[in-house]
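Chain by chain, the residues run as shown.
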Amino acid sequence: MNKFTKTLACAGLVVALGTTSLAGCGKSLDGTKIAATCGDDKITLGTANMMLRMTQAQMASYYSMFGGSTAGIWDQEGEGGKTYGENTKDDMMDQIHNMVLLKQHAKDYDVSITEDEQKKIEEAAKKFMEDNDAETIAKLAVSQSDIETILEFYTYQEKMYDPMTADVDTNVEDSEAAQSKITICQISTAGTQDEEGNTVDLTDEEKQAKKDQAQAVLDKLNAQEDPASADMDALAKEVDENLSASAKTFGSDDTTLDDKLKEAVKSLTDGQVAPEVIEGASAYYVARMDTFDETSTQTKKESIVTERKQEAYNKLLEDWGKDTKIEVDKKVWKKVTLTDADSYTFKQVEAADTGDTNTGDTDAADTGDTNTGETDTADTGDTNTGETDTADTGNANTEAAE
């Protein structure tokens, strides 16, 4: 999907954060309280709350892109008997844990924040504080130091991914990634439904009639002067106007194609037609191997390398996390609530660029998974390892309404 917002390395600094609360909702927070401890690092409530609100606002932006709304989402029941809002809070602490670990292990990879980057981070945080009124700052319970901490987190996150995955094997054999184009005519043998919605299986005679149709298509295909280039769709319609044939991309790890179909076509050479009708779990197939797809194969190779890097990155974070756990002060963190009564949304404002430490783009609602590309903003489980702007701050006028 499109990256429609630069995030917390920018988020809330490039766009305005508007809040709308029901009357009487929203407790006063002391942002200086320690919400969590990870090794020698202490995370203030202001830092954690600010990151959570940016996630909440990003979710609202994501839904609005598709004409939807987050109304009612935070209070609805989620996994483990908790609300979706409560689960998102838990995910936020997982993300914070990973970010602290990245910062703590940066020296292992000779990664640091340069003086110039630190200066821009400080300028960005200062501008954020100046551009927001006292009421808004109080509602967010955030300080300039909190904003600096968050920007530092995202800077380390962006800088650490490449060195952490530098030793991953990037060589992928064709046999592992090979993608081919096949053409198939699929004739379903799935049951039908009666008026009451019950499934009625086909009789043996009905299944045989389906197989006969498939055989007729296969016979017509083999009767062509050049079966490799024949129009299988047109031939299928000659047998029955309701039949059709279509091209598919085939790989050995494909999870969408019938296993019997995959087994039958994997040994075919370019242009070769499967010699018999293939009986799948719920369909008969006529299949032809068309050609080895170099473009799709290269894309698959890149995907495999990305997966390898993701796994290596996640494994390091997992191992570090076992050695250095995060201790959440539940009494302090409990004071923050993520409910439908207190919503946060982005508002576009004209921004004066204060200079970029341009490291790319990251979607702010990603709260836990490792993702090296674009990230769905509704995802509440990823540590986004994509790219982040650390200094494109612009205006950050924020409005709060009780």
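Structure first, text after, so check above.
Note that the coordinates shown come from a computational prediction; the quantities given were computed from them, not determined experimentally.

### Examining the packing of aromatic side chains
Counted according to the given criterion, the structure contains 5 aromatic pairs. Judged by centre distance (5.8 Å) and plane angle (85°), the rings of tyrosine 62 and tyrosine 63 are edge-to-face. Taken together, Tyr62, Tyr63 and Phe66 form an aromatic cluster joined through their ring pairs. The positively charged end of lysine 89 is found above the aromatic ring belonging to tryptophan 333, 4.8 Å away from the centroid.

### What to know about helix 1 (residues 45–65)
Along an α-helix, residues three or four apart share an orientation, since each turn contains 3.6 residues. The terminal C-alpha atoms of helix 1 lie 30 Å apart, and with 21 residues this matches the ideal 30 Å at 1.5 Å per residue to within 8%. Taken across its 21 residues, helix 1 has 18 buried, putting it largely inside the fold. Of the residues trailing helix 1, glycine 67 is marked for its positive phi of about 75°.

### Some words on the environment of aspartate 201
Its location among the elements puts aspartate 201 in the loop between strand 6 (199–200) and helix 7 (204–222). A sequence separation of 10 residues divides aspartate 201 from glycine 191, and the C-alpha atoms of the two residues are 4.2 Å apart. Those residues within four positions of aspartate 201 in sequence are excluded, and the remaining contacts are Gly191 and Glu206.

### Digging into the sheet that holds strand 10 (residues 326–328)
Here 3 strands make up an open sheet; going across it, the order is 3-2-10 and the pairing antiparallel. Edge positions in the sheet fall to strand 3 (41–44) and strand 10, since each has one partner strand and no second. Adjacent strand axes in the sheet meet at a mean angle of 20° when their direction is disregarded. Across 3 bridges, the pairing between strand 2 (residues 34–38) and strand 10 is antiparallel.

### Remarks on the pattern of salt bridges
Per the counting criterion, the structure on display carries 16 salt bridges. Among the salt bridges present, the one from lysine 103 reaches aspartate 41, with a minimum N-O distance of 3.1 Å. Within this pair, whereas lysine 103 is found in helix 2 (residues 84–104), its partner aspartate 41 is found in strand 3, the two being separated by 62 residues in sequence. A residue is classified by how much of its surface remains accessible, and lysine 103, at 31% relative accessible area, is partly exposed. The salt bridge partner of aspartate 259 is lysine 262, with a shortest N-O separation of 3.6 Å. You can see aspartate 259 and its partner lysine 262 sitting in helix 9 (residues 259–265), 3 residues apart, about one turn around the helix. Residues participating in the shared-partner salt-bridge network are Asp169, Glu176 and Arg308.

### Quick look at the packing of helix 1 against helix 2
Helix 2 packs onto helix 1 with a crossing angle of 120° between their chain directions and a minimal axis gap of 10 Å. By the angle class used here, helix 1 and helix 2 are oblique. Between helix 1 and helix 2 lies a crossing of right-handed hand. Residues Ala48, Met51, Leu52, Thr55 and Met59 of helix 1 form the contact with helix 2, whose own contacting residues are Tyr84, Thr88, Lys89, Met92, Met93, Gln95, Ile96 and Met99. Tallied by class, the residues present in the contact of helix 1 with helix 2 amount to 9 nonpolar, 3 polar and 1 charged.

### Remarks on the sheet that holds strand 4 (residues 179–188)
With antiparallel pairing, the 4 strands of this open sheet are ordered in space as 7-4-9-8. Two strands lie at the open edges of the sheet, namely strand 7 (245–251) and strand 8 (278–279), each paired on one side alone. Here strand 4 pairs with strand 9 (residues 283–292) via 9 bridges, running antiparallel. The residue bridging isoleucine 187 from the neighbouring strand is tyrosine 284, located in strand 9. The strands touched by helix 7 within the sheet are strand 4 and strand 9, with strand 9 carrying the most contacts at an inclination of about 25°. The sheet strands contacting helix 8 (residues 232–239) are strand 4, strand 7 and strand 9, and the helix crosses strand 4 at an angle near 10°.

### Brief notes about the packing of helix 3 (residues 115–131) against helix 5 (residues 144–164)
For the pair helix 3 and helix 5, the least separation of the axes is 9 Å and the interaxial angle reads 140°. When the axes of helix 3 and helix 5 are compared, the pair comes out oblique. For the element pair helix 3 and helix 5, the recorded crossing hand is right-handed. Across from Glu117, Gln118, Ile121, Glu122, Ala124, Ala125, Lys126, Phe128 and Met129 in helix 3, the residues of helix 5 making contact are Gln144, Ile147, Glu148, Leu151, Glu152, Thr155 and Lys159. Taken together, the residues of the contact of helix 3 with helix 5 break down into 7 nonpolar, 3 polar and 6 charged.

### Structural notes on the pairing of strand 2
The sheet contact formed by strand 2 and strand 3 spans 4 bridges and is antiparallel. When the bridges of strand 3 are listed, cysteine 38 appears paired with aspartate 41.

### Considerations on the environment of asparagine 87
Tracing the sequence through the fold places asparagine 87 in helix 2. Put simply, asparagine 87 and tryptophan 74 are 13 residues apart on the chain and 9.3 Å apart in space, counted from C-alpha to C-alpha. Ignoring anything within four residues of it in the chain, the contact list for asparagine 87 reads Gly78, Glu79 and Lys82.

### Side note on the nonpolar core
In terms of nonpolar packing, the biggest core is built from 52 residues, with Met50, Met51, Met93 and Ile96 touching the most fellow members. Residue assignment for this core shows that the elements contributing at least two residues are strand 2, helix 1, helix 2, helix 3, helix 4 (134–140), helix 5, helix 10 (294–323) and helix 11 (330–333). Of all the elements, helix 5 adds the most residues to this core, at 9 residues.

Definitions and cut-offs
- Residues numbered from 1 in each chain as written.
- Predicted model: local features only at pLDDT ≥ 70, side-chain atom pairs only at ≥ 80, totals over all residues.
- Heavy atoms only, no water.
- Phe/Tyr/Trp six-rings, centres within 6.5 Å; stacked < 30°, edge-to-face > 60°.
- Lys NZ or Arg CZ within 6 Å of the ring centre and 35° of its normal.
- Helix = DSSP H or I, 4+ residues; strand = E, 2+ residues; numbered from the N terminus.
- Expected span 1.5 Å × (residues − 1).
- Buried < 20%, exposed > 50% of the residue type's maximum accessible area, 1.4 Å probe, protein only.
- Contact = heavy atoms within 4.5 Å.
- Pairing = 2+ DSSP bridges.
- Axes fitted to C-alpha atoms, helices over the stretch in contact; angles between N-to-C directions.
- Salt bridge = Lys/Arg side-chain N within 4 Å of Asp/Glu carboxyl O.
- Parallel < 35°, antiparallel > 145°, perpendicular 65-115°, else oblique.
- Left-handed = near helix turned anticlockwise from the far one by under 90°.
- Nonpolar A, V, L, I, M, F, W, Y, C, P; charged D, E, K, R; others polar.
- Core = buried A, V, L, I, M, F, W, Y, C linked by side-chain atoms within 4.5 Å.

By themselves, these observations are geometric and do not establish any function.
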